[in-house]
Amino acid sequence: MTTTAFKEPVRQAPSGVAARAPRRPGRLRRLSLPYLLLLPALLLELLVHLVPMVIGVVMSFKELTQFYIRDWGTAPWSGLGNYQVSVDFDAPVGEALLHSFLVTVGFTLLSVGLCWLIGTAAAVFMQDAFRGRGLLRALFLVPYALPVYTAVITWVFMFQHDNGLVNHVLHDQLHLTDKPSFWLIGDNSFYALLTVSVWKGWPFAFLIVTAGLQNIPKELYEAAALDGAGTWQRIRRITLPSLRPVNQVLVLVLFLWTFNDFNTPYVLFGKSAPEAADLVSVHIYQSSFVTWNFGTGSAMSVLLLLFLLVVTGGYLLLTSRGRRAADV
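Residues numbered from 1 in each chain as written. Predicted model: local features only at pLDDT ≥ 70, side-chain atom pairs only at ≥ 80, totals over all residues. Heavy atoms only, no water.

**Some words on the overall build of the protein chain**
Counting secondary structure elements, the protein chain contains 14 helices and zero strands. Counting all 328 residues of the protein chain, 32% fall into the buried class. Contacts in the protein chain between residues far apart in sequence, at least 24 positions, make up 65% of those at least 6 positions apart. Just so you have it, the protein chain exposes about 21800 Å², and 66% of that area is on carbon and sulfur atoms. (Helix = DSSP H or I, 4+ residues; strand = E, 2+ residues; numbered from the N terminus. Buried < 20%, exposed > 50% of the residue type's maximum accessible area, 1.4 Å probe, protein only. Contact = heavy atoms within 4.5 Å. Areas by Shrake-Rupley, 256 points an atom, 1.4 Å probe, with all protein chains shown as cover.)

Spelled out as structure tokens, the structure:
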């Protein structure tokens, strides 16, 4: 006996009607989850950085002095008047700003160069394993790990004229000076500020370069040693070219941190920095909160922001061109 199975005919969709994909209610939720997680950080970033930045730009176009502190929105508009006063280098305000800018440029170049040099030398020295290397690495990172106020206030006591450690070593112990020096006033304040900045910043360079050295294959050094290359030749031919991408980011970060540094000079010298150590950050603070001319101080801040944006953009453009030329 033969049994025949009857199948229900398959219904075809009418022509011109596209087949619809099955809905996935959880797909939209999965796609939107990362953005929902980033939303609190984005809102906090807007509140902490972007909103004050916009308010500062608006303030730079107002004649905002101590007479309008209660309701700064009622301050009259000055247009580009605050900017004209800031860049008029023949007037006292513009001349003082130009002097502060030049001091900051010289200080930044010296500090970044010394931080990079000391950090790179220490990282290369600590590349090979030896007894006590872990302890030395931990000690090297102490200045970077300390809070800024704690580290700088310690140097304030060390730079004291009568009972400071610096004068005790240089004058009483080594007899390198005829008399104890004033390190927190006069021309020596620049060297005191540079010393603290380098002492506080070079461990960061050491940390970044140490991480970059881990990506260099040891076979390159072994092959160079077999070819008769010395230590300096290996550093110049292998280490420095391999660290070029790391150094490009490191130098930019150190430049931005140092040029904008406010905590170090403020804790070291107080509200009124000496003329030799009058950095732009402290100068803008004095122009805003000491003379109560917030409009001019805001204009100086905007000019500083524009300068850093131009320098950063030019630096990234030059480094990207150099990277492409090296790849070719």
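**Observations concerning the layout of surface pockets**
Looking at the largest pocket, its volume works out to about 610 Å³. Taken together, 21 residues form the lining of the largest pocket, with I284, G297, S298, S301 and V302 sitting closest to its centre. Going through the elements one at a time, α1 (25-59), α13 (280-290) and α14 (294-327) are the ones with two or more residues in the lining of the largest pocket. When residues in the lining of the largest pocket are grouped by element, the largest group, eight residues, is from α14. In this structure, the second largest pocket spans a volume of roughly 470 Å³. (1 Å grid on protein atoms, 1.4 Å probe; cavity = no way out; pocket = protein on both sides within 12 Å on 5 of 7 lines; lining within 4 Å. Points joined across faces, edges and corners; volume = space filled by probe spheres on them.)

**Brief notes about the packing of aromatic side chains**
Summed over the entire model, instances satisfying the criterion amount to 22 aromatic pairs. Between Y266 and Y285, the aromatic rings sit 5.5 Å apart at their centres with planes inclined by 80°, giving edge-to-face as the arrangement. Of the two residues, Y266 sits in helix α12 (residues 263-269) while Y285 sits in helix α13, which places them 19 residues apart along the sequence. Residue classification places Y266 among the partly exposed residues on the basis of a relative accessible area of 27%. You can call Y285 buried: its relative accessible area is 18%. (Phe/Tyr/Trp six-rings, centres within 6.5 Å; stacked < 30°, edge-to-face > 60°.)

**Focus: the environment of L46**
Mapped onto the fold, L46 is located in helix α1. By relative accessible area, L46 is classed as partly exposed at 32%. In contact with L46, other than residues within four places in its own chain, are V51 and P52.

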